[in-house]
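Each chain is listed here by its residues.
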Amino acid sequence: EEYFDKIIRWHETRNHVTGLTKECIGYENSVLGGVISALTSFASPGDKVLLHSPTYIGFTNSLRNNGFDIVLSPLIQDENGVWRMDYEDMDAKLKENKIHVAVFCNPHNPVGKIWEKETMERIGALCWKHHVVVISDEIHCELTDPGKEYIPFASVSEECKKNSITCIVPTKAFNLAGIQTAAVMVPDPYLRHQMGRALNTDEVAEPNVFAMTAAIAAYREG
């Protein structure tokens with residue numbers, strides 16, 4: 001209870017999310033484990049999963065190890081070096097490959113892009129149109145440059161809120177990766193039920209006292 005409460009207070013004070021309840025949050029041992037649990041809950045081995053490239057090698061290795069086929073939608077780098085989404089490519093690949101799940105990274109690893117609200121709204125609309133569940137890895141959300149604001153994917157529209165699973169963790173901001181603690185935020189009741197079953201089936205929802213205590217201290221005092 002206190003662990004979930006500290007997560008909510010931390011993000012609310014930074015205007016990341018509003019109206020979030022403890023019922024929306026579940027425990028998981030790691031973000032990557034949560035991503036894979038979500039994938040196995042909403043897709044099957046052999047299914048195609050959308051990623052935006054360049055992409056984190058942990059995604060590609062884990063997806064392939066679990067039998068998923070990867071479809072890459074490359075990001076575009078403009079003349080000023082700014083990374084942007086290729087919406088036409090994403091739209092076409094979601095449709096052509098009959099994709100059920102897309103993995104989104106915000107801020108993006110490895111390019112370091114903090115995605116704008118308008119970008120995420122368009123991604124959410126595309127995924128809603130094609131009935132694609134979005135798994136949003138927001139493991140780096142606390143780490144931003146001065147003057148840069150991180151916006152959670154689930155906060156930008158009702159479509160994004162109802163159609164996403166967000167994985168967060170205190171380990172990056174507070175250097176706690178070794179303690180294996182993370183959380184998953186799922187506002188939609190149906191997705192939350194499915195995700196809860198997946199986390200428990202995969203045995204990645206078992207907190208240990210040291211991890212809980214360290215995470216609470218980080219959110220309270222950090």
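Quick note: structure is the one above.
Right, let's walk through the structure included here. Treat the numbers as computed from the prediction; the structure is a model and nothing was measured.

1. Focus on the pairing of strand S8 (residues 164-168)
Right, so step 1: Among the five residues that make up S8, five are buried, leaving the element largely enclosed by the rest of the structure.
Right, so step 2: With burial as the criterion, each face of S8 is covered, one bearing Ser164, Thr166 and Ile168 and the other bearing Ile165 and Cys167.
Right, so step 3: Where strand S7 (residues 133-137) lies against S8, four bridges are found, and the strand directions are parallel. Among the inter-strand pairings, serine 136 is bridged to a residue of S8, identified as threonine 166.

2. Focus: helix H4 (residues 87-96)
Right, so step 1: All buried positions along H4 are accounted for by Tyr87, Asp89, Met90 and Leu94. One side of H4 holds all its buried residues, which, seen down the axis, span an arc of 160°. Facing away from the buried side of H4 by more than 90 degrees, the exposed set consists of Glu88, Lys95 and Glu96.
Right, so step 2: Against the buried residues of H4 lie strand S2 (48-53), strand S3 (69-74) and helix H5 (117-129).

3. What about unusual backbone geometry?
Right, so step 1: Omega for the bond connecting serine 53 with proline 54 falls within 30 degrees of zero, at 5°, which places this linkage in the cis form.
Right, so step 2: Here proline 54 shows up in the loop between S2 and helix H3 (57-65).
Right, so step 3: Of note, the bond from asparagine 109 into proline 110 is cis; its omega dihedral lies within 30 degrees of zero at 20°.
Right, so step 4: Among the structural elements, proline 110 can be located in the loop between strand S6 (101-105) and H5.
Right, so step 5: You will see that histidine 131, though not glycine, has its phi angle at about 60°, which is positive.
Right, so step 6: One non-glycine residue, asparagine 175, lies in positive phi territory at about 55°.
Right, so step 7: Position of asparagine 175 among the secondary structure elements: in the loop between helix H7 (171-174) and strand S9 (182-185).
Right, so step 8: Exposure remark for asparagine 175: the relative accessible area of 69% places this residue in the exposed category.

Cut-off values and rules
- Residues numbered from 1 in each chain as written.
- Predicted model: local features only at pLDDT ≥ 70, side-chain atom pairs only at ≥ 80, totals over all residues.
- Heavy atoms only, no water.
- Buried < 20%, exposed > 50% of the residue type's maximum accessible area, 1.4 Å probe, protein only.
- Helix = DSSP H or I, 4+ residues; strand = E, 2+ residues; numbered from the N terminus.
- Pairing = 2+ DSSP bridges.
- Arc of directions from axis to C-beta.
- Contact = heavy atoms within 4.5 Å.

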